[in-house]
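Structural overview
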Amino acid sequence: MSTNERRVRVGLVAGGLGTYWPQFPDLLPQLRRSAERVSERMGLLGADVVDAGFISDEREGAAAAEKLRTAGCDLIVGFLTTYMTATMLVPIAQRSGAPVLLINLQPTESMDHETFDTGQWLAYCGACPLPEMANAFLRSGIPFRSVSGYLEDERAWDRIARWVRAAGVRGALRHGRHGLMGHLYPGMLDVATDLTLVPAQFGGHVEVLEFDDLRVRVEKVTDAEAEAKRKEATDVFALDESVNEEDLGWAARVAVGLDRLVEDFGLDSLAYYHRGLDGEVHERLGAGMILGASLLTARGVPAAGEYELRTSLAMLIMDRLGAGGSFTEFQALDFERGHVEMGHDGPAHLAISDGRPLLRGLGVYHGKRGYGVSVEFDVKHGPVTAFGLRQGRDGRFAFVVSEGEVVDGPLLRIGNTTSRVDFGADPGEWTDAWSATGISHHWALGTGHRIADLRALADLMDVELIDVRP
């Protein structure tokens, strides 16, 4: 778990039709035991579980609805243990303000048909109310999703875990504080984001910062604090012989200032850019950001350059899914090997480096003012996911996703993050398909194939997902 990650809060309610209890005395105790097991396994998924108990009629459902309404849950899980009426669950879904997942987990894989009586069969009847719930939710305007299986069905629990992870990311966005410092890189029309639409569609808060907010904090950094940060950098990074000690010392001082900025404003992510002029202090601050921004990203506070707010949000999403998420753009296409080369001259997610990341000294930053130390690394080889946020003409955000694999091959040694990605397609055709989605020229690159998790998140957030497969 990243140091800034909040735990997902899951509201749980189990239920069945109370008419059955006097008819079949052994049924309710068995169903309660199943509900206890579900609550236990929810906790093993890393969730804080708010258990509203077992409901048997619409009055108990209404009481559970009030308990879960005030609990601030990220996801409501309704456990259908046997048949129950829709009026028991619809109020819970309506009042909670959280997305709802219905689960139907019968006790075992199959009934013992030779010996079961009616009461024993009813413990396996959680599938019976599922269409009723779907119909009632549809007619009530409530999005519907479900997982069916049996109590110890690992495939079902994998699907449940996916919804829990997605709810956790949704919660991180809804509660997040996202720093935006400096100004837009001149001319980057694709990067410009309507700040109202971020809280409107994702929730959270965008904190607009000045580079002076960083400057005043860097000015207060002591020599001892800067030296401690420099020591941290040399522990994390290999240092190329091109690294200038004065530049490294300045980057360490800026990194301490960034730590304070993040703490003082309670930031969960940061996007920044400042052009600067003639070597003045703001230019030097902008040039000294890469070390500190990479260290922040590695500890769960994604930082993206070039004022790329949507990419810092994409990096946050990938980080909370356990995929890392490093600041990325196109670098070149290798038609000889069939690879897309991508990376960036800026913040990197050090936790997903294929080896020990390198600090390289640069006398000039291409396309930017200033000079200093930059991060060079290759994302861990194996499955990866490219993921970005598109803002369309209608203002709506969409997820743009493509799964590939980071592979071996020659890499540039110019102080950039660089990875070779094989998307299983001609690199030119893949690049055309990716660009045709309307994605900006930055995105996040994370480890693992994550489209299933991102699809679940898109469902919970009512966001379109575009899967790029040429």
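This report concerns the structure included in the present document. Worth saying up front: this structure is predicted, and the values here are computed from it rather than measured.

1. Description of the pairing of strand β6 (residues 177-182)
For β6 and strand β7 (residues 205-209), the ladder comprises five bridges, and the chain directions are parallel. Counted as the bridge partner of L180 is V208 from β7.

2. Brief notes about empty space enclosed by the protein
Applying the stated criterion to the full structure yields three cavities of 30 Å³ or more. Roughly 210 Å³ of internal volume is contained in the largest cavity. What lines the largest cavity is a set of 20 residues, and nearest its centre among them are Y272, Y273, G286, A287 and K368. Every element with two or more residues in the lining of the largest cavity is listed here: β9 (269-273), α12 (281-287) and α13 (289-298). Among the elements that take part in the lining of the largest cavity, α12 stands out by supplying three residues, more than any other. Classifying every residue of the lining of the largest cavity by side-chain character gives nine nonpolar, five polar and six charged. Counted as a void, the second largest cavity has a volume near 40 Å³. Taken together, S326, F327, T328, M342, G343, F377, V379, T417, T418, S419 and L445 form the lining of the second largest cavity.

3. Digging into helix α2 (residues 27-44)
Its 18 residues place the ends of α2 26 Å apart at the C-alpha level, agreeing with the 26 Å of an ideal helix rising 1.5 Å per residue. Here α2 has its buried residues at L27, L28, L31, S34, A35, V38, S39, R41 and M42. In an axial view of α2, the angular spread of the buried residues amounts to 165°, which keeps them on one side of the axis. In α2, the exposed residues that point more than 90 degrees away from the buried face are R33, E36 and L44.

4. Considering the packing of helix α7 (residues 154-175) against helix α16 (residues 451-461)
At a closest axis distance of 8 Å, the pairing of α7 and α16 adopts a crossing angle of 55°. It follows from the interaxial angle that α7 and α16 lie oblique. The crossing of α7 and α16 is right-handed. Counted together, R162, W163, R165, A166, A167, V169, R170 and L173 of α7 and A452, D453, A456, L457, D459, L460 and M461 of α16 form the full contact between these two elements. Grouping the amino acids of the contact of α7 with α16 by side-chain chemistry returns ten nonpolar, no polar and five charged.

Each value, and the rule that gives it
- Residues numbered from 1 in each chain as written.
- Predicted model: local features only at pLDDT ≥ 70, side-chain atom pairs only at ≥ 80, totals over all residues.
- Heavy atoms only, no water.
- Pairing = 2+ DSSP bridges.
- Helix = DSSP H or I, 4+ residues; strand = E, 2+ residues; numbered from the N terminus.
- 1 Å grid on protein atoms, 1.4 Å probe; cavity = no way out; pocket = protein on both sides within 12 Å on 5 of 7 lines; lining within 4 Å.
- Points joined across faces, edges and corners; volume = space filled by probe spheres on them.
- Nonpolar A, V, L, I, M, F, W, Y, C, P; charged D, E, K, R; others polar.
- Expected span 1.5 Å × (residues − 1).
- Buried < 20%, exposed > 50% of the residue type's maximum accessible area, 1.4 Å probe, protein only.
- Arc of directions from axis to C-beta.
- Axes fitted to C-alpha atoms, helices over the stretch in contact; angles between N-to-C directions.
- Parallel < 35°, antiparallel > 145°, perpendicular 65-115°, else oblique.
- Left-handed = near helix turned anticlockwise from the far one by under 90°.
- Contact = heavy atoms within 4.5 Å.

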